[in-house]
Amino acid sequence: MQLGLALPTFGPDARPEGLLRVCLTAEEMGYDSLWTGDRVLAPLVPGAPYPSGDGVMPRAYENHMDPLVALTFVASHTTRVRLGTSTLNGLWQPPIMLARSLTTLDVLSRGRLVVGLGLGWMPDEYAAVAVPWKGRGARLDETLDVLEEYWAEDVLAHEGPLFTIPETVVGLKPAQRPGPPVLLAAFTPGGLRRIGRRCAGWLPVAMPLPSLMGMWDTIVREAVEAQRDPSTLRMALRVNPQLTESKTDPGQMPRAGTLTQYIDYARAAAEAGVHELFVDFGQTTATLAERVDLAARFLEGVRAG
């Protein structure tokens, strides 16, 4: 199982020094990937509860960087680690603009981009970018259509229900062919079906492993029904530790526990068949130095097993 680390693109460490410290140290330690998230708003009174924990959005999200700009910065200071979005809200800009940005980043990183897309959870953000909240699934499908066409065709023309692109030459192509892998963060039956039938993989968040692997089985079945090879699909599991000083009841994991409990969870995930696991220590109270120390101890603990 490969291991990744979230970059400090949220909170007080979201600054050049924070990004440099984490990306350089992570690559030196031997992490396989680095990840960013996506926010455009931190409303005083959100229109929907945060979809985990007590429903309150983490205060760290009040200070947020652009995920693709941050990854471009990190790409210029690293050479090996893959660079992923978990998740990029893929509907907040026209798909032709998204395709250009993603292709540029894949070229500049020399083929290290992993495109993790999601639909978000907060209607307020959709209102702020003038994109309808309703019809997100159909909008995502057409966005995926445009990405595939942009990466595959030398001359692109698209006429769809939502977007029209006149015939145009597309000279810039991603370093990864036919394009960077697109993983989707989804948990509904429709979302799992979409992953199995047209995406490169899944971006789940940590949950009890029987539930996780049950949903993965659904994705695999959908791939088989669509006559796709399920062995080509990948799962990259996000873990947001809420670290405690003392061991928690097993029923609380992976919501909260000690670092040792999260190491054990990661080892069990590897045994269950998870392809990649990345951890975000920005979800727990820690200084930048403590965050780097936790990353080192986590990596050593998981790989020791």
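Note that the coordinates shown come from a computational prediction; the quantities given were computed from them, not determined experimentally. (Residues numbered from 1 in each chain as written. Predicted model: local features only at pLDDT ≥ 70, side-chain atom pairs only at ≥ 80, totals over all residues. Heavy atoms only, no water.)

Participant: Is there a simple way to explain the side chain of Arg194 in this structure?
Facilitator: Relative to the helices and strands, Arg194 resides in helix α6 (residues 189-198). When sequence neighbours within four positions are dropped, the list of residues in contact with Arg194 reads Gly137, Leu140, Asp141, Leu144, Leu184 and Cys199. (Helix = DSSP H or I, 4+ residues; strand = E, 2+ residues; numbered from the N terminus. Contact = heavy atoms within 4.5 Å.)

Participant: In this structure, what is going on with the pairing of strand β3 (residues 82-85)? I would like to understand it.
Facilitator: Within a regular strand, side chains alternate between the sheet's two faces. Pairing of strand β2 (residues 33-36) with β3, which is carried by 4 bridges, proceeds in the parallel orientation. For Ser33, the partnering residue across the bridge sits in β3 and is Arg82. (Pairing = 2+ DSSP bridges.)

Participant: Teacher, can you tell me more about the environment of Ala75 here?
Facilitator: The topology assignment puts Ala75 in helix α2 (residues 67-75). Residue Ala75 is classed as buried on the basis of its relative accessible area of 7%. Spatially, the C-alpha atoms of Ala75 and Leu34 are 10.0 Å apart, while their sequence positions differ by 41 residues. If we ignore the near neighbours within four places in the chain, the residues touching Ala75 are Leu83, Ser109 and Arg112. (Buried < 20%, exposed > 50% of the residue type's maximum accessible area, 1.4 Å probe, protein only.)

Participant: Would you take a moment to explain unusual backbone geometry for this structure?
Facilitator: Leave glycine aside and you will find that most residues have negative phi; peptide bonds, for their part, are mostly trans. Cis geometry is adopted by the peptide bond preceding Thr87, which originates at Ser86 and carries an omega value of -15°. When you line up the elements, Thr87 lands in the loop between β3 and β4 (88-89). Note the cis peptide between Met253 and Pro254, where omega equals 5°. Structurally, Pro254 is set in the loop between β10 (234-239) and α8 (259-272).

Participant: Explain the pairing of β2 here, please?
Facilitator: Covered by surrounding structure in β2 are Ser33 and Trp35 together with Leu34 and Thr36, the residues of both alternating faces. By the bridge criterion, 3 bridges tie strand β1 (residues 2-6) to β2 in an arrangement that is parallel. Looking at the pairing, Ala6 lines up with Trp35 of β2. Each parallel crossover has a hand, and for β1 linked through helix α1 (residues 16-29) to β2 it is right-handed. Of the crossover connections in this fold, the one passing from β2 over α2 to the parallel β3 is right-handed. (Right-handed = clockwise from strand over helix to strand, strands pointing away.)

Participant: Before we go on, may I ask you to explain the environment of Phe281 in this structure?
Facilitator: On the secondary structure map, Phe281 appears in the loop between β11 (276-279) and α9 (288-304). Residue class for Phe281 comes out buried when judged on its relative accessible area of 1%. C-alpha separation for the pair Phe281 and Leu7, spaced 274 residues apart in sequence, amounts to 9.0 Å. Phe281 has contacts with Leu5, Pro241, Leu243, Leu259, Arg291, Leu294, Ala295 and Phe298, leaving out every residue within four places of it along the chain.

Participant: For this particular structure, what's the right way to read the pattern of salt bridges?
Facilitator: Opposite charge on two side chains allows them to pair when their charged atoms are near. Scanning the model with the defined rule gives 18 salt bridges in all. Note that Asp141 is salt-bridged to Arg198, the shortest N-O span being 3.6 Å. Placement of Asp141 in helix α5 (residues 136-152) and of Arg198 in helix α6 is noted, with a sequence separation of 57 residues between them. Classification of Asp141 as partly exposed rests on a relative accessible area of 25%. Ionic pairing is found between Asp293 and Arg297, a salt bridge with its closest N-O pair at 3.3 Å. Of this pair, Asp293 and Arg297 both sit in helix α9, 4 residues apart, which is roughly one turn of that helix. The partly exposed category is assigned to Asp293, whose relative accessible area is 38%. With relative accessibility at 42%, the residue Arg297 sits in the partly exposed group. Among the ionic contacts, a cluster of salt bridges with common partners joins Asp141, Asp145, Glu148, Arg194 and Arg198. (Salt bridge = Lys/Arg side-chain N within 4 Å of Asp/Glu carboxyl O.)

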